[in-house]
Amino acid sequence: MAVSGFEGFEKRLELKFSGHDDPKMIGTGLRRIDFDSIQQVLDAVQCTVVSAVGNRHFDAYVLSESSLFVYPTKIIIKTCGTTQLLKSVPIMLAHASDIGLNICSCRYTRGSFIFPKAQPFPHTSFRDEVEHLDQSLPNELCYRKASVMPSKKQKKSSHSWHVYSASDHTDHDIEDMNFDHEDGIFTIEVCMTELDQILSRKFFRSFGDSTPGEVAGKEMTKLTGINKINPNALICDFAFDPCGYSMNGLDSSCYSTIHVTPEDGFSYGSFECVGFVDDYKSIRETLKRVVQVFRPGVMSVSTTSSSSSQCMSRCVTNAVETLGMKRRSCTVDEFPAAGVVVFQTFTSVGRKRLV
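Residues numbered from 1 in each chain as written. Predicted model: local features only at pLDDT ≥ 70, side-chain atom pairs only at ≥ 80, totals over all residues. Heavy atoms only, no water.

**What about the pattern of salt bridges?**
Right, on to step 1. Scanning the model with the defined rule gives 10 salt bridges in all.
Right, on to step 2. Between Glu14 and Arg12 there is a salt bridge; the shortest N-O distance is 3.0 Å.
Right, on to step 3. Between Arg107 and Glu14 there is a salt bridge, and its shortest N-O distance comes to 3.5 Å. Here Glu14 lies in strand 1 (residues 11-19) and Arg107 lies in strand 6 (residues 101-110), a separation of 93 residues in the sequence. By the burial criterion, Arg107 is buried, and Glu14 matches it.
Right, on to step 4. Each of Arg12, Glu14, Lys78, Arg107 and Glu272 takes part in salt bridges that share partners, so that together they form one network. (Salt bridge = Lys/Arg side-chain N within 4 Å of Asp/Glu carboxyl O. Helix = DSSP H or I, 4+ residues; strand = E, 2+ residues; numbered from the N terminus. Buried < 20%, exposed > 50% of the residue type's maximum accessible area, 1.4 Å probe, protein only.)

Below is the structure:
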(Lines give C-alpha, C1' and ligand atoms only; values in the text may rest on other atoms or scores of the structure.)
Protein backbone atom coordinates (compact mmCIF):
# COMPACT_ATOMS: atom_id res chain seq x y z
CA MET A 1 0.00 0.00 0.00
CA ALA A 2 1.20 3.49 -0.81
CA VAL A 3 1.89 5.85 2.10
CA SER A 4 -0.70 8.30 0.76
CA GLY A 5 -3.38 5.70 0.07
CA PHE A 6 -4.24 2.53 -1.79
CA GLU A 7 -3.47 2.38 -5.51
CA GLY A 8 -6.69 1.49 -7.24
CA PHE A 9 -5.51 1.55 -10.85
CA GLU A 10 -4.97 -2.00 -12.04
CA LYS A 11 -2.32 -3.57 -14.19
CA ARG A 12 -3.80 -6.06 -16.67
CA LEU A 13 -1.88 -8.91 -18.29
CA GLU A 14 -3.36 -11.20 -20.95
CA LEU A 15 -1.42 -14.21 -22.24
CA LYS A 16 -2.64 -16.44 -25.09
CA PHE A 17 -1.27 -19.87 -25.88
CA SER A 18 -1.39 -22.51 -28.60
CA GLY A 19 -0.29 -26.12 -28.68
CA HIS A 20 -1.35 -29.76 -28.85
CA ASP A 21 -4.25 -29.31 -26.41
CA ASP A 22 -7.65 -28.81 -28.04
CA PRO A 23 -9.08 -25.52 -26.61
CA LYS A 24 -12.63 -26.72 -27.26
CA MET A 25 -12.30 -29.70 -24.91
CA ILE A 26 -13.77 -28.75 -21.55
CA GLY A 27 -11.37 -28.87 -18.63
CA THR A 28 -8.22 -28.97 -20.73
CA GLY A 29 -5.41 -26.58 -21.46
CA LEU A 30 -4.54 -24.03 -18.80
CA ARG A 31 -7.49 -25.18 -16.69
CA ARG A 32 -5.50 -28.36 -15.99
CA ILE A 33 -2.94 -26.38 -13.98
CA ASP A 34 -3.45 -27.27 -10.31
CA PHE A 35 -4.25 -24.70 -7.64
CA ASP A 36 -0.82 -24.93 -6.01
CA SER A 37 0.77 -23.90 -9.31
CA ILE A 38 -1.72 -21.02 -9.67
CA GLN A 39 -0.86 -19.87 -6.17
CA GLN A 40 2.82 -20.01 -7.12
CA VAL A 41 2.07 -17.55 -9.91
CA LEU A 42 0.14 -15.31 -7.52
CA ASP A 43 2.89 -15.50 -4.90
CA ALA A 44 5.22 -13.86 -7.41
CA VAL A 45 2.59 -11.16 -7.94
CA GLN A 46 2.05 -10.85 -4.17
CA CYS A 47 -1.67 -11.57 -3.89
CA THR A 48 -3.96 -14.47 -2.97
CA VAL A 49 -7.30 -16.02 -3.94
CA VAL A 50 -10.25 -15.00 -1.73
CA SER A 51 -13.11 -16.52 -3.75
CA ALA A 52 -13.59 -18.56 -6.93
CA VAL A 53 -16.20 -19.91 -9.32
CA GLY A 54 -16.19 -21.53 -12.76
CA ASN A 55 -18.42 -22.70 -15.59
CA ARG A 56 -17.97 -24.91 -18.63
CA HIS A 57 -15.90 -22.24 -20.39
CA PHE A 58 -13.47 -20.82 -17.83
CA ASP A 59 -12.52 -20.35 -14.16
CA ALA A 60 -12.72 -17.00 -12.37
CA TYR A 61 -10.91 -16.04 -9.18
CA VAL A 62 -11.44 -12.97 -7.00
CA LEU A 63 -8.04 -11.99 -5.63
CA SER A 64 -6.96 -9.98 -2.63
CA GLU A 65 -5.99 -7.44 -5.32
CA SER A 66 -8.45 -7.78 -8.23
CA SER A 67 -9.04 -10.85 -10.47
CA LEU A 68 -7.76 -13.85 -12.40
CA PHE A 69 -9.45 -15.61 -15.34
CA VAL A 70 -8.27 -18.93 -16.75
CA TYR A 71 -9.49 -20.24 -20.13
CA PRO A 72 -8.12 -23.34 -21.89
CA THR A 73 -5.66 -21.26 -23.95
CA LYS A 74 -5.80 -17.83 -22.31
CA ILE A 75 -5.12 -16.33 -18.89
CA ILE A 76 -5.93 -12.80 -17.72
CA ILE A 77 -4.46 -11.48 -14.48
CA LYS A 78 -5.55 -8.08 -13.22
CA THR A 79 -4.06 -6.67 -10.02
CA CYS A 80 -4.03 -3.34 -8.18
CA GLY A 81 -2.06 -1.86 -5.29
CA THR A 82 1.70 -2.37 -5.38
CA THR A 83 1.55 -5.88 -6.81
CA GLN A 84 4.36 -6.97 -9.13
CA LEU A 85 2.21 -8.39 -11.89
CA LEU A 86 4.85 -8.81 -14.58
CA LYS A 87 6.93 -11.09 -12.38
CA SER A 88 4.29 -13.75 -13.06
CA VAL A 89 5.21 -14.06 -16.75
CA PRO A 90 8.19 -16.49 -16.54
CA ILE A 91 6.37 -18.73 -14.05
CA MET A 92 3.19 -18.82 -16.14
CA LEU A 93 5.15 -19.64 -19.30
CA ALA A 94 6.83 -22.53 -17.51
CA HIS A 95 3.54 -24.02 -16.27
CA ALA A 96 2.01 -23.70 -19.73
CA SER A 97 5.03 -25.39 -21.31
CA ASP A 98 4.65 -28.31 -18.90
CA ILE A 99 1.24 -29.10 -20.42
CA GLY A 100 2.32 -28.62 -24.03
CA LEU A 101 1.25 -25.01 -24.60
CA ASN A 102 3.41 -22.23 -26.03
CA ILE A 103 2.70 -18.52 -25.80
CA CYS A 104 1.53 -16.90 -29.04
CA SER A 105 0.59 -13.40 -27.83
CA CYS A 106 0.79 -11.05 -24.85
CA ARG A 107 -1.07 -7.86 -24.07
CA TYR A 108 -0.44 -5.57 -21.10
CA THR A 109 -2.51 -2.47 -20.25
CA ARG A 110 -2.82 0.00 -17.41
CA GLY A 111 -3.91 3.54 -16.65
CA SER A 112 -1.91 6.29 -14.93
CA PHE A 113 -1.09 5.40 -11.33
CA ILE A 114 -2.40 7.67 -8.58
CA PHE A 115 0.76 7.00 -6.55
CA PRO A 116 3.44 6.17 -9.17
CA LYS A 117 6.38 6.61 -6.79
CA ALA A 118 5.03 3.81 -4.57
CA GLN A 119 5.24 1.20 -7.35
CA PRO A 120 8.01 -1.41 -7.08
CA PHE A 121 10.15 -2.58 -9.99
CA PRO A 122 9.35 -3.39 -12.77
CA HIS A 123 6.35 -1.06 -12.47
CA THR A 124 8.49 1.97 -11.65
CA SER A 125 7.87 3.32 -15.16
CA PHE A 126 6.30 2.17 -18.42
CA ARG A 127 9.78 2.01 -19.92
CA ASP A 128 10.82 -0.44 -17.19
CA GLU A 129 7.67 -2.49 -17.75
CA VAL A 130 8.30 -2.72 -21.49
CA GLU A 131 11.94 -3.72 -21.00
CA HIS A 132 10.92 -6.37 -18.47
CA LEU A 133 8.32 -7.82 -20.83
CA ASP A 134 10.73 -7.77 -23.78
CA GLN A 135 13.23 -9.76 -21.73
CA SER A 136 10.65 -12.18 -20.30
CA LEU A 137 8.94 -13.14 -23.57
CA PRO A 138 10.44 -15.54 -26.15
CA ASN A 139 11.94 -14.20 -29.37
CA GLU A 140 9.17 -15.89 -31.37
CA LEU A 141 6.89 -13.06 -30.31
CA CYS A 142 8.61 -10.77 -32.79
CA TYR A 143 5.72 -8.42 -33.57
CA ARG A 144 5.87 -5.97 -30.68
CA LYS A 145 4.55 -2.49 -29.96
CA ALA A 146 4.37 -0.26 -26.91
CA SER A 147 2.41 2.97 -26.78
CA VAL A 148 1.12 5.60 -24.36
CA MET A 149 -2.24 7.06 -25.36
CA PRO A 150 -2.43 9.95 -26.00
CA SER A 151 1.18 10.50 -27.10
CA LYS A 152 3.29 13.48 -26.06
CA LYS A 153 2.74 14.99 -29.50
CA GLN A 154 -1.00 15.02 -28.93
CA LYS A 155 -3.00 17.02 -26.39
CA LYS A 156 -1.46 16.81 -22.94
CA SER A 157 -3.34 14.57 -20.54
CA SER A 158 -2.90 13.64 -16.90
CA HIS A 159 -4.88 10.46 -17.58
CA SER A 160 -3.07 8.15 -20.00
CA TRP A 161 -3.46 4.59 -21.23
CA HIS A 162 -0.40 2.37 -21.51
CA VAL A 163 -0.50 -0.54 -23.97
CA TYR A 164 2.05 -3.23 -24.79
CA SER A 165 1.42 -5.93 -27.37
CA ALA A 166 3.60 -8.84 -28.54
CA SER A 167 2.71 -11.65 -30.90
CA ASP A 168 4.17 -14.34 -33.13
CA HIS A 169 1.86 -13.17 -35.92
CA THR A 170 0.06 -10.00 -36.91
CA ASP A 171 -3.47 -11.31 -37.34
CA HIS A 172 -4.43 -13.72 -34.56
CA ASP A 173 -8.18 -13.99 -34.03
CA ILE A 174 -9.19 -11.09 -31.83
CA GLU A 175 -10.45 -12.34 -28.47
CA ASP A 176 -10.76 -16.00 -29.50
CA MET A 177 -13.61 -17.02 -27.18
CA ASN A 178 -15.58 -19.52 -29.28
CA PHE A 179 -17.92 -16.96 -30.85
CA ASP A 180 -19.35 -17.38 -34.34
CA HIS A 181 -18.53 -13.84 -35.44
CA GLU A 182 -15.09 -12.41 -34.80
CA ASP A 183 -15.40 -8.81 -35.99
CA GLY A 184 -17.55 -7.54 -33.14
CA ILE A 185 -15.74 -9.14 -30.20
CA PHE A 186 -14.05 -6.62 -27.94
CA THR A 187 -12.72 -5.73 -24.52
CA ILE A 188 -13.92 -2.70 -22.56
CA GLU A 189 -11.81 -1.33 -19.70
CA VAL A 190 -13.29 1.53 -17.66
CA CYS A 191 -11.36 3.45 -15.00
CA MET A 192 -13.17 5.90 -12.71
CA THR A 193 -11.94 8.33 -10.06
CA GLU A 194 -13.61 10.90 -7.80
CA LEU A 195 -16.55 8.59 -7.20
CA ASP A 196 -19.75 10.04 -5.79
CA GLN A 197 -19.20 10.18 -2.02
CA ILE A 198 -22.71 9.10 -1.09
CA LEU A 199 -22.65 6.12 -3.43
CA SER A 200 -19.14 5.22 -2.27
CA ARG A 201 -20.38 4.75 1.29
CA LYS A 202 -22.18 1.62 0.13
CA PHE A 203 -18.78 -0.02 -0.27
CA PHE A 204 -17.88 0.44 3.41
CA ARG A 205 -18.70 -2.18 6.02
CA SER A 206 -20.17 -1.25 9.41
CA PHE A 207 -17.73 -0.98 12.31
CA GLY A 208 -17.34 -4.35 13.99
CA ASP A 209 -19.09 -6.21 11.17
CA SER A 210 -17.96 -9.84 11.33
CA THR A 211 -19.94 -11.02 8.32
CA PRO A 212 -17.82 -13.18 5.98
CA GLY A 213 -16.54 -11.32 2.93
CA GLU A 214 -18.54 -13.51 0.54
CA VAL A 215 -21.80 -12.74 2.35
CA ALA A 216 -21.10 -9.01 2.72
CA GLY A 217 -20.11 -8.92 -0.94
CA LYS A 218 -23.50 -10.24 -2.04
CA GLU A 219 -25.19 -7.57 0.04
CA MET A 220 -23.09 -4.83 -1.60
CA THR A 221 -23.85 -6.22 -5.05
CA LYS A 222 -27.58 -5.82 -4.48
CA LEU A 223 -27.36 -2.56 -2.51
CA THR A 224 -25.37 -0.78 -5.22
CA GLY A 225 -27.25 -2.16 -8.20
CA ILE A 226 -24.21 -3.93 -9.62
CA ASN A 227 -26.36 -7.03 -10.07
CA LYS A 228 -28.41 -5.10 -12.65
CA ILE A 229 -25.45 -4.30 -14.93
CA ASN A 230 -25.67 -7.79 -16.41
CA PRO A 231 -28.66 -9.62 -14.88
CA ASN A 232 -27.69 -12.85 -16.68
CA ALA A 233 -24.30 -13.14 -15.04
CA LEU A 234 -23.31 -15.61 -12.34
CA ILE A 235 -21.65 -13.29 -9.82
CA CYS A 236 -18.79 -14.14 -7.49
CA ASP A 237 -18.32 -11.18 -5.15
CA PHE A 238 -16.34 -10.22 -2.06
CA ALA A 239 -16.40 -7.27 0.39
CA PHE A 240 -13.17 -6.33 2.11
CA ASP A 241 -12.79 -5.04 5.66
CA PRO A 242 -13.20 -2.17 6.44
CA CYS A 243 -13.99 -1.17 2.85
CA GLY A 244 -13.52 -2.16 -0.76
CA TYR A 245 -15.26 -4.53 -3.12
CA SER A 246 -14.52 -6.94 -5.96
CA MET A 247 -16.68 -9.08 -8.24
CA ASN A 248 -16.41 -11.37 -11.24
CA GLY A 249 -19.43 -12.02 -13.43
CA LEU A 250 -19.63 -15.11 -15.66
CA ASP A 251 -22.02 -15.19 -18.61
CA SER A 252 -21.30 -18.19 -20.82
CA SER A 253 -17.78 -17.57 -22.19
CA CYS A 254 -17.98 -13.83 -21.42
CA TYR A 255 -16.85 -12.18 -18.19
CA SER A 256 -17.17 -8.87 -16.41
CA THR A 257 -15.31 -7.65 -13.36
CA ILE A 258 -15.58 -4.69 -10.97
CA HIS A 259 -13.17 -3.43 -8.32
CA VAL A 260 -13.74 -0.53 -5.94
CA THR A 261 -11.49 1.48 -3.63
CA PRO A 262 -13.99 3.90 -2.06
CA GLU A 263 -11.84 6.00 0.28
CA ASP A 264 -12.33 9.74 -0.12
CA GLY A 265 -9.34 11.48 -1.66
CA PHE A 266 -8.25 8.53 -3.79
CA SER A 267 -11.50 6.80 -4.62
CA TYR A 268 -11.38 4.52 -7.63
CA GLY A 269 -13.64 2.09 -9.41
CA SER A 270 -13.07 -0.08 -12.45
CA PHE A 271 -15.29 -2.07 -14.75
CA GLU A 272 -14.16 -4.50 -17.42
CA CYS A 273 -16.10 -6.78 -19.73
CA VAL A 274 -15.13 -9.10 -22.55
CA GLY A 275 -17.33 -10.86 -25.05
CA PHE A 276 -20.02 -8.67 -26.59
CA VAL A 277 -20.61 -9.49 -30.25
CA ASP A 278 -21.53 -6.69 -32.68
CA ASP A 279 -24.08 -5.20 -30.32
CA TYR A 280 -23.60 -1.49 -29.79
CA LYS A 281 -26.92 -1.21 -27.98
CA SER A 282 -25.61 -3.56 -25.29
CA ILE A 283 -22.44 -1.47 -25.00
CA ARG A 284 -24.42 1.72 -24.48
CA GLU A 285 -26.76 0.20 -21.90
CA THR A 286 -23.90 -1.41 -19.98
CA LEU A 287 -21.86 1.78 -19.78
CA LYS A 288 -24.90 3.75 -18.65
CA ARG A 289 -25.52 1.31 -15.81
CA VAL A 290 -21.87 1.46 -14.74
CA VAL A 291 -21.84 5.26 -14.63
CA GLN A 292 -25.10 5.29 -12.66
CA VAL A 293 -23.61 2.98 -10.01
CA PHE A 294 -20.49 5.12 -9.40
CA ARG A 295 -21.19 8.66 -10.72
CA PRO A 296 -17.47 9.39 -11.22
CA GLY A 297 -16.01 12.84 -11.62
CA VAL A 298 -13.40 11.55 -14.06
CA MET A 299 -13.44 8.40 -16.15
CA SER A 300 -11.66 6.79 -19.06
CA VAL A 301 -12.94 4.12 -21.41
CA SER A 302 -10.61 1.92 -23.44
CA THR A 303 -12.08 -0.41 -26.05
CA THR A 304 -10.14 -3.02 -27.99
CA SER A 305 -11.65 -4.68 -31.04
CA SER A 306 -11.32 -5.34 -34.75
CA SER A 307 -14.42 -3.28 -35.53
CA SER A 308 -14.62 0.33 -36.72
CA SER A 309 -12.94 2.78 -34.37
CA GLN A 310 -15.38 5.53 -35.38
CA CYS A 311 -18.42 3.40 -34.54
CA MET A 312 -16.91 2.40 -31.22
CA SER A 313 -15.91 5.91 -30.13
CA ARG A 314 -19.31 7.30 -31.10
CA CYS A 315 -21.11 4.51 -29.24
CA VAL A 316 -19.13 5.11 -26.03
CA THR A 317 -19.48 8.87 -26.22
CA ASN A 318 -23.24 8.72 -26.77
CA ALA A 319 -23.66 6.44 -23.76
CA VAL A 320 -21.54 8.47 -21.35
CA GLU A 321 -22.49 12.01 -22.35
CA THR A 322 -26.20 11.36 -21.83
CA LEU A 323 -25.39 10.97 -18.12
CA GLY A 324 -23.87 14.40 -17.56
CA MET A 325 -20.28 13.80 -18.64
CA LYS A 326 -18.30 15.42 -21.44
CA ARG A 327 -15.63 13.83 -23.59
CA ARG A 328 -12.26 15.53 -23.21
CA SER A 329 -10.04 13.42 -25.45
CA CYS A 330 -10.10 10.52 -27.91
CA THR A 331 -7.07 8.58 -29.17
CA VAL A 332 -6.94 5.65 -31.59
CA ASP A 333 -4.06 3.23 -32.15
CA GLU A 334 -3.62 -0.24 -33.64
CA PHE A 335 -1.59 -3.11 -32.21
CA PRO A 336 -0.40 -6.34 -33.89
CA ALA A 337 -2.73 -9.27 -33.15
CA ALA A 338 -4.56 -7.17 -30.52
CA GLY A 339 -6.71 -4.98 -32.73
CA VAL A 340 -7.72 -1.32 -32.65
CA VAL A 341 -7.62 0.46 -29.28
CA VAL A 342 -9.83 3.51 -28.75
CA PHE A 343 -9.07 5.46 -25.56
CA GLN A 344 -11.41 8.24 -24.41
CA THR A 345 -11.52 10.41 -21.29
CA PHE A 346 -14.53 12.12 -19.74
CA THR A 347 -15.30 14.48 -16.86
CA SER A 348 -18.51 15.51 -15.18
CA VAL A 349 -19.97 18.63 -16.73
CA GLY A 350 -18.93 21.70 -14.75
CA ARG A 351 -15.66 20.26 -13.44
CA LYS A 352 -12.56 22.05 -14.66
CA ARG A 353 -9.53 19.81 -14.81
CA LEU A 354 -6.98 18.43 -17.22
CA VAL A 355 -7.72 14.81 -18.22
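Don't stop here, the text continues.
**Concerning the UniProt feature "binding site: substrate" (unreviewed entry) in the protein chain**
Right, on to step 1. Sequence positions flagged by UniProt for "binding site: substrate" (unreviewed entry) are, in local numbering, Phe6, Glu65, Phe240 and Glu263.
Right, on to step 2. Structurally, the position occupied by Glu65 is in the loop between strand 3 (59-63) and strand 4 (66-70).
Right, on to step 3. If you trace the backbone, Glu263 turns up in the loop between strand 12 (254-261) and strand 13 (268-277). (UniProt positions renumbered as here; feature names shortened; annotations may be inferred.)

**Here we look at the nonpolar core**
Here is a general trend for soluble globular proteins: nonpolar side chains tend to be buried in one another's company.
Right, on to step 1. Among the nonpolar cores identified, the biggest contains 35 residues, and Ile188, Val190, Ile226, Tyr245, Ile258, Phe294 and Met299 are the most heavily contacted of them.
Right, on to step 2. What Ile188 contacts, discounting residues up to four positions off in sequence, is Phe271, Glu272, Cys273, Ile283, Leu287, Val301, Ser302 and Thr303. (Core = buried A, V, L, I, M, F, W, Y, C linked by side-chain atoms within 4.5 Å. Contact = heavy atoms within 4.5 Å.)

**A word on the sheet that holds strand 7 (residues 143-149)**
Right, on to step 1. The strand order across the open sheet built from 8 strands is 2-3-4-5-1-6-8-7, with neighbouring strands paired in antiparallel fashion. Pairing within the sheet leaves two strands with one partner each, and these edge strands are strand 2 (49-54) and strand 7. For this sheet, the mean angle separating the axes of adjacent strands, direction not counted, is 10°.
Right, on to step 2. The pairing of strand 7 with strand 8 (residues 161-167) spans 7 bridges and is antiparallel. (Pairing = 2+ DSSP bridges. Axes fitted to C-alpha atoms, helices over the stretch in contact; angles between N-to-C directions.)

**A short note on helix 5 (residues 213-224)**
Structural remark: α-helix, 3.6 residues per turn; residues separated by three or four positions point the same way.
Right, on to step 1. Here helix 5 is 12 residues long and its end C-alpha atoms lie 16 Å apart, about the 16 Å a rise of 1.5 Å per residue gives.
Right, on to step 2. Considered for burial, the residues of helix 5 that qualify are Gly213, Ala216, Gly217, Met220, Thr221 and Thr224. The buried residues of helix 5 occupy one face: seen down the axis, they fall within an arc of 145°. For helix 5, the exposed residues set more than 90 degrees away from the buried face come down to Lys222 and Leu223.
Right, on to step 3. Where the residues of helix 5 are buried, they touch strand 10 (234-239), strand 11 (245-251) and helix 6 (280-294).
Right, on to step 4. Gly225, located one to two residues past helix 5, shows a positive phi value of around 90°. (Expected span 1.5 Å × (residues − 1). Arc of directions from axis to C-beta.)

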